[in-house]
Amino acid sequence: MASIRILVGSVFGGALLTARELKKTLEPEGHTVVVNEQPELTDITGNSDPVLICTSTTGQGEVPPNLLPFYLDLRETLPQQPGRPFGVIVLGDSSYGDTFCGAGDLLEEAFLETGAAKTGNTLKIDAMETTEPEQEALIWAREWLALL
Ligand SMILES: Cc1cc2nc3c(=O)[nH]c(=O)nc-3n(C[C@H](O)[C@H](O)[C@H](O)COP(=O)(O)O)c2cc1C
């Protein structure tokens, strides 16, 4: 059983709903899941829990406003997190072309610079293909948890 921390980035609520559904389903299975809806750097510096980023993409491949302060602080201070497991669920829309799921790439790059260890492949959820991101996320998250 794992204790994980989900950092949410969401504009219209899809990624937020996805994170909340993960908590709702995974906690009765014995995991501890903290969902940070307005993430701050101290949410990760005060513990060593595996981090799951669950964010959508806005603008032109950009990080949603509620996750942006965390992202900018992370980039600026790069608190070292050697070996800390992290995974990425990113919501996007493939009709945006080159910027598809770009926010996930930005977060991944920043976390790697802290020495954190990417666990599993990024799950990219395409709004063109599904209206129920939480279903895909749950299947993926169970596999991700098994890798920790
Ligand atoms: C103004 C706007 C800009 C967007 N830009 C991108 C983008 O650059 N790349 C991408 O993959 N998706 C983009 N999207 C699609 C969203 O990421 C996608 O619809 C996602 O499911 C929204 O999740 P949320 O409800 O958590 O905000 C954009 C959507 C909007 C409305």
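Computed from a prediction, not measured in an experiment: that's the story for all the values here.

**Student:** What exactly am I supposed to notice about the site of the ligand here?
**Tutor:** For the ligand, the set of nearby residues contains 21 residues, the closest of which are Ser10, Phe12, Gly14, Ser56 and Gly92. The set of elements that each furnish at least two residues to the shell around the ligand consists of helix H1 (14-26) and strand S4 (85-92). For the shell around the ligand, a count of residues per class yields 8 nonpolar, 12 polar and 1 charged.

**Student:** Before we go on, may I ask you to explain unusual backbone geometry in this structure?
**Tutor:** In most cases, non-glycine residues show a negative phi, while peptide bonds are predominantly trans. Phi at Leu78 takes a positive value of approximately 40°, unusual for a residue other than glycine. Tracing the sequence through the fold places Leu78 in the loop between helix H3 (68-77) and S4. Taking the number of C-beta atoms within 10 Å as the measure of exposure, Leu78 has 13 and is therefore partly exposed. Of note, the phi angle at Cys101 is positive, near 55°, even though the residue is not glycine.

**Student:** Is there a simple way to explain the environment of Arg20 in this structure?
**Tutor:** With respect to the helices and strands, Arg20 occurs in helix H1. Exposure remark for Arg20: the 18 C-beta atoms within 10 Å place this residue in the partly exposed category. C-alpha separation for the pair Arg20 and Leu68, spaced 48 residues apart in sequence, amounts to 20 Å.

**Student:** I tried to follow H1 on my own but got confused; where do I start?
**Tutor:** Each full turn of the α-helix corresponds to 3.6 residues, which orients residues three or four apart in the same direction. Relative to the 18 Å expected for 13 residues at 1.5 Å per residue, H1 spans 18 Å between its end C-alpha atoms, a close match to the ideal helical length. Within H1, burial applies to Ala15, Leu16, Thr18, Ala19, Leu22 and Leu26. Here the buried residues of H1 occupy an arc of 160° about the axis, which is enough to place them on one side. At its buried positions, H1 is contacted by strand S1 (3-9), strand S2 (32-36), strand S3 (51-56), S4 and helix H5 (133-147).

**Student:** Would you explain the pairing of strand S6 (residues 123-126) in this entry?
**Tutor:** Each regular strand carries side chains that alternate between the two faces of the sheet. Going residue by residue along S6, you find Leu123 and Ile125 tucked away on one face and Lys124 and Asp126 left uncovered on the opposite face. Strand direction decides the pairing type here: S4 and S6, joined by 4 bridges, are parallel. When the sheet's bridge partners are listed, Val90 is paired in S6 with Lys124.

**Student:** Teacher, can you tell me more about the pairing of S1 here?
**Tutor:** Of all 7 residues in S1, 6 are buried; the element is thus mostly enclosed. Across 5 bridges, S1 lies against S2 in parallel orientation. Counterpart to Leu7 in the pairing with S2 is Asn36. Of the crossover connections in this fold, the one passing from S1 over H1 to the parallel S2 is right-handed. Relative to S3, S1 is paired through 5 bridges, and the arrangement is parallel. Counted as the bridge partner of Ile6 is Leu52 from S3.

Reading the values: the criteria
Residues numbered from 1 in each chain as written. Predicted model: local features only at pLDDT ≥ 70, side-chain atom pairs only at ≥ 80, totals over all residues. Near = placed C-beta within 6 Å. Helix = DSSP H or I, 4+ residues; strand = E, 2+ residues; numbered from the N terminus. Nonpolar A, V, L, I, M, F, W, Y, C, P; charged D, E, K, R; others polar. Buried ≥ 20, exposed ≤ 12 C-beta atoms within 10 Å, placed from the backbone. Expected span 1.5 Å × (residues − 1). Arc of directions from axis to C-beta. Contact = placed C-beta atoms within 7 Å. Pairing = 2+ DSSP bridges. Right-handed = clockwise from strand over helix to strand, strands pointing away.

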